[in-house]
Amino acid sequence: QVQLVESGGGLVQAGGSLRLSCAASGRTASSYAMGWFRQAPGKEREFVAAIGRYGSTYYADSVKGRFTISRDNAKSTVFLQMNSLKPEDTAVYYCAADKLIGVTPSYDYWGQGTQVTVSS
């Protein structure tokens with residue numbers, strides 16, 4: 001079992017930055033691939049970014065060049081640095097973990113989500 005707890009969401013003006021954190025607990029948490037997904041009201045959950053066990057990264061086209069995913073295996077924590085935020089980035093952001101990295105919301109473990117609101 002892996003437990004995930006996100007933090008760092010909030011309200012920010014367009015063009016601003018936020019840094020999300022996801023603390024993972026449980027056995028061998030550092031051996032999992034980690035992903036960030038988001039879900040806006042009335043929309044499906046969509047892929048944002050993912051990072052493999054050894055640091056390989058993947059990004060949705062909509063966030064490339066603006067968002068950066070990273071991980072600190074010693075602290076079992078994954079980060080999502082979000083810069084140049086746009087109103088369309090407004091959503092609940094979810095952290096997820098799975099043995100296999102992927103871009104679909106089929107991860108085994110999920111956090112409770114953290115709200116990100118970008119005002120225009």
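Anything mentioned here points back to the structure above.
Reading the values: the criteria
- Residues numbered from 1 in each chain as written.
- Predicted model: local features only at pLDDT ≥ 70, side-chain atom pairs only at ≥ 80, totals over all residues.
- Heavy atoms only, no water.
- Helix = DSSP H or I, 4+ residues; strand = E, 2+ residues; numbered from the N terminus.
- Rg over C-alpha atoms; globule rule 2.2 N^0.38 Å.
- Buried < 20%, exposed > 50% of the residue type's maximum accessible area, 1.4 Å probe, protein only.
- Contact = heavy atoms within 4.5 Å.
- Pairing = 2+ DSSP bridges.
- Axes fitted to C-alpha atoms, helices over the stretch in contact; angles between N-to-C directions.
- Core = buried A, V, L, I, M, F, W, Y, C linked by side-chain atoms within 4.5 Å.
- Patch = residues over 30% accessible without salt bridge, like charges linked within 9 Å, V, L, I, M, F, W, Y side chains within 5 Å.
- Areas by Shrake-Rupley, 256 points an atom, 1.4 Å probe, with all protein chains shown as cover.
- Salt bridge = Lys/Arg side-chain N within 4 Å of Asp/Glu carboxyl O.

Turning next to the overall build of the chain. Helix and strand counts for the chain stand at 0 helices and 11 strands. Secondary structure elements of the chain, listed N to C terminal, follow the sequence β-β-β-β-β-β-β-β-β-β-β. Relative to a compact globule of 120 residues, whose C-alpha radius of gyration would be 14 Å, the chain shows 13 Å and is just as compact. The burial tally for the chain puts 43% of its 120 residues in the buried class. Long-range contacts, defined here as pairs at least 24 residues apart, represent 57% of the contacts in the chain between residues at least 6 apart.

Read across the open sheet, the 4 strands follow the order β1-β3-β8-β7; overall the sheet is antiparallel. If you trace the sheet from one side to the other, it starts and ends with β1 (3-7) and β7 (67-72), each paired once. Strand-to-strand twist in this sheet, taken as the mean axis angle between neighbours without regard to direction, amounts to 15 degrees. Pairing of β1 with strand β3 (residues 18-25), which is carried by 5 bridges, proceeds in the antiparallel orientation. Bridging from a neighbouring strand, L4 pairs with A24 of β3.

This part takes up unusual backbone geometry. Only a minority of non-glycine residues have a phi that is not negative, and only a minority of peptide bonds are not trans. Positive phi values are uncommon outside glycine, yet S76 reaches one of about 50 degrees. Relative to the assigned elements, S76 resides in the loop between β7 and β8 (77-82). Residue classification places S76 among the partly exposed residues on the basis of a relative accessible area of 22%. Phi at S84 is positive, roughly 50 degrees, even though this residue is not glycine. When you line up the elements, S84 lands in the loop between β8 and β9 (91-98).

This brings us to the nonpolar core. One finds L4, M34, W36, L80, M82 and Y93 to be the most contacted residues of the largest nonpolar core, which totals 34 residues. Of all the secondary-structure elements, those providing two or more residues to this core are β3, β4 (33-39), β5 (46-51), β7, β8, β9 and β11 (114-119). Aside from chain neighbours lying at most four places away, what touches L4 is C22, A23, A24, M34, C95, A96, A97, Y109, W110, G111 and Q112.

A few words on the environment of G42. Among the secondary structure elements, G42 is positioned in the loop between β4 and β5. Along the chain, G42 and G52 lie 10 residues apart, while their C-alpha atoms are 30 Å from each other.

Our next topic: a nonpolar patch on the surface. A contiguous nonpolar patch, built from Y58, I101 and V103 and spanning about 260 Å² of accessible area, is present on the exposed surface. Within the fold, Y58 resides in strand β6 (residues 57-59). Of the residues examined, Y58 reaches a relative accessible area of 41% and is grouped as partly exposed.

The next point concerns the pattern of salt bridges. Applying the stated criterion to the full structure yields 4 salt bridges. Residues R38 and E46 are paired through a salt bridge, measuring 2.6 Å at the closest nitrogen-oxygen approach. According to the relative accessible area criterion, E46 is partly exposed, its value standing at 36%. Of the charged contacts in the structure, one is a salt bridge between K64 and D61, with a shortest N-O distance of 3.2 Å. In terms of burial, K64 and D61 fall into one category: exposed.

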